[in-house]
Amino acid sequence: MRPKKTSSSKTPAADTSQEGWRAGKDLLTIKSLEIRDIELIMGSAATFHEVSGRAIKTVPALRGRTIANLFIEPSTRTRISFELAAKRLSADVVNLSGASSSIVKGESLVDTARALESMGVDLVVIRHSAAGAAHSLARAINAAVVNAGDGAHEHPTQALLDLFTIRAHGKKLDGLRVVMIGDISRSRVARSNIHLLTKFNANVCVVGPPTMIPPHIEQLGVSVSHHLEPALKDAQVVMILRVQHEREQRSLYPSIQEYARWYGVTKERLALAASDVLVLHPGPMNRGVEISTEVADGLSSVILDQVANGIAIRMAVLYLLTVKQ
Ligand code: CP
């Protein structure tokens, strides 16, 4: 839910006193998180969400700390919201992209991160096209590492902001009927969300052509359908995944038009879902392909709430990893 404007200048303290962060120095996967750590993030994010609704949006929680955002793969939402999250916590922030760093001269990721650490960086946020890149960094440096998306592996803060958004709209996770549509095989958003939602006993159905559904995915506690319309019936949450043009997908479906015809979520198809269904999409959207404009901008859409909530989730993660060790 997007924050409401308030005029308070009071600085809230995230209520993490009774139960500290125990999930280690890094946030690399959802799979490895326990419910108590997830609830700690949710509680801190609720506190920080209030800050984003103020006229003055900063608190001094991370004053004197330094955060480096190392984005070797393009990003709008994740990169900007990590930067805003750090700034709203009063941290010093440095931003590096692949193109503007010595990585273009052949420097390794680990050497880059070690150089940042030598300059006093406390936490590195990393997005990379290679699965496992964040893990490699976390092993090589003492600073905390946050995975902002590693190839097709995981995107933990996206799943956390999705959970926060679903709850903010009054949904209980236990037994919640969630339909996830698209390229499950290559989606880090899908993988992180499957791990997260099934931890809370949501009833998750993944939908897509057989070429986009990994074999044996039922072992993760989800059901599978290759037919969108029956799967949408009575769904309470519809998570639509992006068709990832930048990753080679031509072999996975005959044409964009065909994908849209079979798996595109339109207003007519969404009418099969529960009347209070929530529509989520991690962005960026391909309007007219996986989602119609009527659905993207419709009353059920909480897509912009996801973006807004991302700042609160990332404030919570940065705070917990930097301060509450
Ligand atoms: N959801 C997401 O990761 O979007 P960006 O690629 O714009 O960061």
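Because the structure is a prediction, the values reported are computed rather than measured.

S.K.: I keep staring at the environment of A231 and nothing clicks. Help me out?
M.R.: Structurally, A231 can be placed in helix α7 (residues 228-232). Given a relative accessible area of 14%, A231 falls into the buried group. Counting along the chain gives 51 residues from A231 to M180, while the straight-line C-alpha distance between them is 9.5 Å. Among all residues touching A231, those that are not within four sequence positions of it are V179, C205, V207 and S225.

S.K.: What's the story with the environment of L84 in this structure? I'm lost.
M.R.: With respect to the helices, strands and loops of the structure, L84 is situated in helix α2 (residues 77-88). In this structure the C-alpha to C-alpha distance between L84 and G310, which are 226 residues apart in sequence, comes to 10.0 Å.

S.K.: Teacher, can you tell me more about the site of the ligand here?
M.R.: Close contacts around the ligand come from S75, T76, R77, T78, R127, H155, Q158, P282 and G283, and that covers them all. A distance of 2.6 Å separates an oxygen atom of the ligand from a polar atom in the side chain of S75. Separating an oxygen atom of the ligand from a backbone N or O atom of R77 is a distance of 3.0 Å. Taking a 2 Å distance to the grid points as the criterion, the majority of the atoms of the ligand fall inside the largest pocket.

S.K.: Please explain the domain arrangement of the protein as it appears in this structure.
M.R.: The assigned domain composition of the protein is domain 1 (30-153 + 309-323) and domain 2 (170-301). Centre-to-centre, using C-alpha coordinates, domain 1 lies 27 Å away from domain 2. With 15 residues of domain 1 in contact, the opposing surface of domain 2 contributes 14 residues. A buried area of about 1200 Å², summed over both sides, lies between domain 1 and domain 2, and 58% of it is on carbon and sulfur atoms. Ranking the residues of domain 1 by area buried against domain 2 places I30, R77 and A152 at the top, with a combined share of 39%. Counting across the interface, domain 1 meets domain 2 through one salt bridge.

S.K.: Any chance you could explain the sheet that holds strand β5 (residues 177-181) here in plain terms?
M.R.: Sheets are built from strands that pair by backbone hydrogen bonding, the pairs being arranged parallel or antiparallel. Taken together, five strands build an open sheet; the order of strands is β7-β6-β5-β8-β9 and the sheet is parallel. Each end of this open sheet is capped by a strand with a single partner; those strands are β7 (223-225) and β9 (278-280). Averaged over all neighbouring strand pairs, the angle between strand axes comes to 20°, with direction disregarded. As paired elements, β5 and strand β8 (residues 237-240) share four bridges and run parallel to each other. Its bridge partner being in β8, I181 is matched across the sheet by I240.

Cut-offs applied
Residues numbered from 1 in each chain as written. Predicted model: local features only at pLDDT ≥ 70, side-chain atom pairs only at ≥ 80, totals over all residues. Heavy atoms only, no water. Helix = DSSP H or I, 4+ residues; strand = E, 2+ residues; numbered from the N terminus. Buried < 20%, exposed > 50% of the residue type's maximum accessible area, 1.4 Å probe, protein only. Contact = heavy atoms within 4.5 Å. Near = heavy atom within 4 Å. Polar contact = N/O pair within 3.5 Å; in protein donor to acceptor, adjacent residues only side chain to side chain. 1 Å grid on protein atoms, 1.4 Å probe; cavity = no way out; pocket = protein on both sides within 12 Å on 5 of 7 lines; lining within 4 Å. Sits in = over half its atoms within 2 Å of the grid points. Domains from an automatic or database assignment. Buried area = accessible area lost by both parts, 1.4 Å probe. Salt bridge = Lys/Arg side-chain N within 4 Å of Asp/Glu carboxyl O. Pairing = 2+ DSSP bridges. Axes fitted to C-alpha atoms, helices over the stretch in contact; angles between N-to-C directions.

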